[in-house]
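Each chain is listed here by its residues.
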Amino acid sequence: MLLQNKQVAIVGGGPGGLTLARLLQIKGVNVKVYERDTDKNARVQGAPLDLHDESGLAAIRKAGLLEEFKANYMAGADRMKILNEQAEVFFSDHNDKAKENFGHEHFRPEIDRGTLRRILLESLLPDTVVWNSHFIAMEKQNDGWLLHFKDETKALADIVIAADGANSKIRPYLTDIKPFYSGIMMLEGNIYQAEKAAPTISALLQGGKIMAFGNKKNVLMGQKANGEIGFYASFKTNENWITEKGLDFFNATEILSWFKNEYAEWSSIWHELFENTNVQFIPRPIYCMPLDQNWETQPNLTMLGDAAHVMPPFAGEGVNMAMLDALELSECLTDGKYSSFRKAISVYETNMRIRASKSARESLENGERMHAEDALYTMLDFFKNVE
């Protein structure tokens, strides 16, 4: 096996990085995950993840964690309602969608990000994750790399895998290709104890997901664990919107005023979201890597997930692509088919770029559809055909 007596460094402890660590450890590989979070509880986790049978769930099965996943996923959280801007329901599958249908191509079970992270962390050997490891630079050392971290610690590795997200600090060691702005901005909010804090919205959501369309704008939301609701106001604007608007994202009153102005045609029902948001709102400009990106394969360095192919979230493929990356990369490095790291990584990267480009194109096209004048009826047709 190529990785026998080799040390693998994975930079980034998100779903992709942790999945790869698990898959490599099953094969007896020496692996460390370097994560900038101070500990496993440091980060506020975002919206739940819907895993797809042929990608995210395929990696879970290969990692031997399907039963653990089944015991912890959010049954019913994948149920969908489609509304217009007046909060009128045009589509709902709450009454006829099975809560559990593993193996069906359209079943995409939701799991809380924190829960998935816990499952993956608990599957790893003790001390696999080195917390509080904020990567700042690395340099070639013989046939490997010497990694430098913010706390002045260092680590040697024979092979490095970047799993450090859309703003990857390792990606520039492979390529200078940068993502482009998709034209869409998403403003994220979270509501704790939603049944009490936002009873109207909570009753409308019914523990599932909502997509609301009107006037080329969206409100998207979903049930999170612990009775929370995560939501996004999604709209088209220029890339400099954050600085040009100068909004105080800690000030719910100011953000509500913005929503009333920008979403003026929308029902006041939606105001409940902004009146009860906890902590701060998070603006998220949506980026995508060029669909034709390419780079020269290196023999001891590669990347996965958003570091390799950040894409819009409008096809639900981001985490699924990252976990499939982990699955395919682990197999290329351990299945004995290839005579060198360079060949194994080259095969992985070629296949990864092809399928990621396809998913990114779909995500971009969906983003345009969802922010078009006829978005409501386009999305109704889509979901009715899926059913």
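Just so it is clear, the structure is predicted and the values come from calculations on it, not from any experiment.

Reading the values: rules and limits
Residues numbered from 1 in each chain as written. Predicted model: local features only at pLDDT ≥ 70, side-chain atom pairs only at ≥ 80, totals over all residues. Heavy atoms only, no water. Axes fitted to C-alpha atoms, helices over the stretch in contact; angles between N-to-C directions. Helix = DSSP H or I, 4+ residues; strand = E, 2+ residues; numbered from the N terminus. Parallel < 35°, antiparallel > 145°, perpendicular 65-115°, else oblique. Left-handed = near helix turned anticlockwise from the far one by under 90°. Contact = heavy atoms within 4.5 Å. Nonpolar A, V, L, I, M, F, W, Y, C, P; charged D, E, K, R; others polar. Pairing = 2+ DSSP bridges. Buried < 20%, exposed > 50% of the residue type's maximum accessible area, 1.4 Å probe, protein only. Phe/Tyr/Trp six-rings, centres within 6.5 Å; stacked < 30°, edge-to-face > 60°. Lys NZ or Arg CZ within 6 Å of the ring centre and 35° of its normal.

It is worth spelling out the packing of helix 11 (residues 318-334) against helix 12 (residues 341-370) at this point. Contact geometry for helix 11 and helix 12: axes closest at 9 Å, N-to-C directions at 160°. As the angle between them shows, helix 11 and helix 12 are arranged roughly antiparallel. Our pair here, helix 11 against helix 12, has a crossing hand that is right-handed. Residues Met321, Leu324, Asp325, Glu328, Leu329, Cys332 and Leu333 of helix 11 form the contact with helix 12, whose participating residues are Phe341, Ala344, Ile345, Val347, Tyr348, Asn351, Met352, Arg355, Ala356 and Ser359. By residue class, the composition of the contact of helix 11 with helix 12 is 12 nonpolar, two polar and three charged.

Further remarks concern the pairing of strand 5 (residues 89-92). In the sheet, strand 4 (residues 80-84) pairs with strand 5 via three bridges, with the strands oriented antiparallel. Paired with leucine 83 across the bridge in strand 5 is valine 89. The turn joining strand 4 and strand 5, which pair antiparallel and follow one another in sequence, is formed by four residues; a positive phi near 65° is taken by alanine 87.

Moving on, we come to the side chain of serine 357. For serine 357, the location among the structural elements is in helix 12. Assessed through its relative accessible area of 16%, serine 357 is described here as buried.

A few words now on the pairing of strand 2 (residues 30-34). Regular strands place side chains that alternate from one sheet face to the opposite one. Looking at chain direction, strand 1 (residues 7-11) and strand 2 are connected through five bridges and run parallel. In the sheet register, glutamine 7 faces strand 2, and the bridge partner there is asparagine 30. The pairing of strand 2 with strand 7 (residues 129-130) spans two bridges and is classified as parallel. In the sheet register, tyrosine 34 faces strand 7, and the bridge partner there is valine 130.

The next thing to look at is the sheet that holds strand 5. Spatial strand order, 5-4-13-14-15-12-16: seven strands in an open sheet with mixed pairing. Every interior strand has two partners, whereas the edge strands, strand 5 and strand 16 (282-288), have only one. Neighbour-to-neighbour, the strand axes of this sheet turn through a mean angle of 20°, independent of strand direction. Inspection of the sheet shows strand 12 (residues 180-191) paired to strand 15 (residues 229-236) by eight bridges, in the antiparallel sense. Considered in strand 15, the bridge of asparagine 190 is made with glycine 230. Where helix 12 meets the sheet, it contacts strand 12, strand 13 (209-214), strand 14 (217-223), strand 15 and strand 16, and its direction lies at approximately 70° from that of strand 12.

It is worth spelling out the packing of helix 1 (residues 15-26) against helix 11 at this point. At their nearest, the axes of helix 1 and helix 11 sit 8 Å apart, and the two run at 30° to each other. The angle between helix 1 and helix 11 falls in the class roughly parallel. In terms of crossing hand, the pair formed by helix 1 and helix 11 is right-handed. Along its contact with helix 1, which presents Pro15, Gly16, Thr19, Leu20, Leu23 and Leu24, the element helix 11 presents Val319, Ala322, Met323, Ala326, Leu327, Leu329, Ser330 and Thr334. Classifying every residue of the contact of helix 1 with helix 11 gives 10 nonpolar, four polar and no charged.

Attention now goes to the packing of aromatic side chains. Under the defined criterion, the tally for this structure stands at 25 aromatic pairs. Summarising the aromatic geometry, the rings of phenylalanine 235 and tryptophan 241 are spaced 5.2 Å apart at their centres and angled 65° between planes, so their arrangement reads as edge-to-face. On the numbers, 4.5 Å between centres and 25° between planes, the contact of phenylalanine 259 with tyrosine 263 is stacked. Each member of the pair phenylalanine 259 and tyrosine 263 is classed as buried. Taken together, the ring pairs in this structure connect Phe231, Phe235, Trp241, Phe249, Trp258, Phe259, Tyr263, Trp266, Trp270, Phe274 and Phe281 into an aromatic cluster. A cation over a ring is seen here: lysine 70 above phenylalanine 102, with NZ or CZ 5.0 Å from the ring centre. The ring of tyrosine 263 carries the charged tip of lysine 217 above its face, separated from the ring centre by 5.8 Å.

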